[in-house]
Amino acid sequence: MAGSTVSERAASGAPSGRSGRAAATRAAGLELTVDKSLPTPAYLQLRDQLARAIADGDLPAGAALPSERGLALGLGLSRMTVRRAFEELVAAGVVEQRQGSGTFVRPRPVEQVIDRVLGFTDEARNLGFQPGARLLAAEVVPADDHTAHALGHDVGTPVLRLTRLRTATGEPLALQDAYLRSDLAGLSLERLAETGSLYRTLEGQFGIKPSRARQTIAARLPTEHECRVLGIARSVPVLALERTTHGDDGRPFEFVRSAYRGDIYRMALDLRSY
């Protein structure tokens, strides 16, 4: 048995490590060790080491965890023990299990604090994420009842609708429809692509700056289209946001409908008593 690997010793039932109670393995670039002589259960030792690797960035968002079978063989554990460690990480919200694919590190939540009017680009940067947007469609459409009311138009007034996929550090985050007031239909899509920010484009082209906004939030299940674009299952809820934004002159200039992934996006409100 001399010269055999840890996995071979574990598979054969031969002792490994000091006093035959400790085993180590290397998987996904990680050095993992479980010592059965310690009072801490093996599954908690494994859970804590994997959680530390995730927190330290050794297992980044989207990375696959080593397989249950590989860890069980390498560490001399039962698959049930490894599975329990994984279940603990799932319960903590740091990994997700995908049917037939394995277990993957979840992106850290994007938390927006509702205390001021900011565009997505600035908000994401403030939170430490790299904002991104992919323009899916830009077209002039007749305003429906809700959009017309929000923008102060008659129903059927032509407005510019921008449909964009918003991303945070490359991860799909939200599907967004922004409707702009009729006099803003000449928005430069080239300038929008250069700045990456609708508010900066509006300020540069029309001199409009957001002053205040009213936003509502509701939870619902995603549509099939939202599932495809955001890469989520029908069982993952979305946060449906609607926002009407006003400029310095008090006039509304934008009405937005957004569907944010409920698994990685959350909103926080800073409250105080007076």
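Residues numbered from 1 in each chain as written. Predicted model: local features only at pLDDT ≥ 70, side-chain atom pairs only at ≥ 80, totals over all residues. Heavy atoms only, no water.

A. Focus on the overall build of the chain. Secondary structure assignment for the chain yields nine helices and twelve strands. Within the span of the chain, comprising 274 residues, buried residues form 42% of the whole. A separation threshold of at least 6 residues defines the contact pool for the chain, and within that pool the share at least 24 residues apart is 55%. Roughly 14,700 Å² of accessible area belongs to the chain as shown, and the carbon and sulfur atoms make up 49% of that amount. (Helix = DSSP H or I, 4+ residues; strand = E, 2+ residues; numbered from the N terminus. Buried < 20%, exposed > 50% of the residue type's maximum accessible area, 1.4 Å probe, protein only. Contact = heavy atoms within 4.5 Å. Areas by Shrake-Rupley, 256 points an atom, 1.4 Å probe, with all protein chains shown as cover.)

B. Region of interest: the pattern of salt bridges. Summed over all chains, the structure comprises 13 salt bridges. Residue R161 pairs with E139 through a salt bridge whose shortest N-O separation is 2.4 Å. Residue R161 is found in strand 7 (residues 158–168), and its partner E139 is found in strand 6 (residues 131–142); the two are separated by 22 residues along the sequence. What makes E139 partly exposed here is its relative accessible area of 36%. Between D144 and R257 there is a salt bridge, with the nearest N and O atoms lying 3.4 Å from each other. Here D144, found in the loop between strand 6 and helix 6 (145–151), pairs with R257, found in strand 11 (residues 252–261); they are 113 residues apart in sequence, far enough to count as distant. What makes D144 partly exposed here is its relative accessible area of 34%. Through salt bridges that share partners, R47, D48 and E88 make up one connected network. (Salt bridge = Lys/Arg side-chain N within 4 Å of Asp/Glu carboxyl O.)

C. Geometry of the sheet that holds strand 6. If you trace the six strands from one edge of the open sheet to the other, you get 6-7-8-11-10-9, paired in antiparallel fashion. Across the chains shown, the open sheet's two edge strands, defined by having one partner strand only, are strand 6 and strand 9 (210–220). Neighbour-to-neighbour, the strand axes of the sheet open up by a mean angle of 20°, direction not taken into account. Pairing of strand 10 (residues 238–247) with strand 11, which is carried by nine bridges, proceeds in the antiparallel orientation. (Pairing = 2+ DSSP bridges. Axes fitted to C-alpha atoms, helices over the stretch in contact; angles between N-to-C directions.)

D. Geometry of the nonpolar core. With 23 residues, the main nonpolar core has L46, L50, L59, L65, L71 and V82 as its most contacted residues. Of all elements in the fold, only strand 2 (30–35), helix 2 (42–55), helix 3 (68–75) and helix 4 (79–91) reach the threshold of two or more residues within this core. Take this core: its biggest share by element is seven residues, from helix 2. Ranked by size, the runner-up nonpolar core spans 13 residues in total, among them L162, L192, L202 and I208. (Core = buried A, V, L, I, M, F, W, Y, C linked by side-chain atoms within 4.5 Å.)

E. Geometry of helix 3. Within helix 3 the residues assigned to the buried category are E68, L71, A72, G74 and L75. G76 sits one or two residues past helix 3 and shows a positive phi near 65°.

F. Just the confidence of the model for the chain, in detail. In the predicted model, the chain carries a mean pLDDT of 84, and 82% of its residues have values of at least 70. Highest mean pLDDT in the chain belongs to helix 6 (97); lowest belongs to helix 1 (residues 6–12) (38). Segment residues 1–19 is flagged for pLDDT under 50; beyond a separation of four residues in sequence, or across chains, it makes 23 contacts in the model. (pLDDT = per-residue confidence, 0-100.)

G. Spatial organisation of the environment of A72. Tracing the chain through its elements places A72 in helix 3. Residues A72 and R83, eleven residues apart in the sequence, show an inter-C-alpha distance of 9.2 Å. Not counting residues within four places of it along the chain, the set of residues in contact with A72 comprises L77, S78, R79 and V82.

H. Structural context of the packing of helix 3 against helix 4. The contact between helix 3 and helix 4 brings their axes to 9 Å, and the two run at 120°. Of the possible angle classes, the one that applies to helix 3 and helix 4 is oblique. Here the hand of the crossing between helix 3 and helix 4 comes out right-handed. Residues E68, R69, L71 and A72 of helix 3 form the contact with helix 4, whose own contacting residues are R79, V82, R83 and F86. Tallied by class, the residues present in the contact of helix 3 with helix 4 amount to four nonpolar, no polar and four charged. (Parallel < 35°, antiparallel > 145°, perpendicular 65-115°, else oblique. Left-handed = near helix turned anticlockwise from the far one by under 90°. Nonpolar A, V, L, I, M, F, W, Y, C, P; charged D, E, K, R; others polar.)

I. Region of interest: helix 4. Taking 1.5 Å per residue, 13 residues should reach 18 Å; helix 4 reaches 18 Å between its end C-alpha atoms and fits that length. Buried residues of helix 4: V82, A85, F86 and L89, and no others. Around the axis of helix 4, the buried residues are gathered within 95° of arc, so they sit on the same side. Opposite the buried face of helix 4, at more than 90 degrees from it, the exposed residues are M80 and A91. Lining the buried residues of helix 4 we find helix 2, helix 3, strand 3 (95–98) and strand 4 (102–105). Phi turns positive one or two residues past the end of helix 4, at G93, with a value near 80°. (Expected span 1.5 Å × (residues − 1). Arc of directions from axis to C-beta.)

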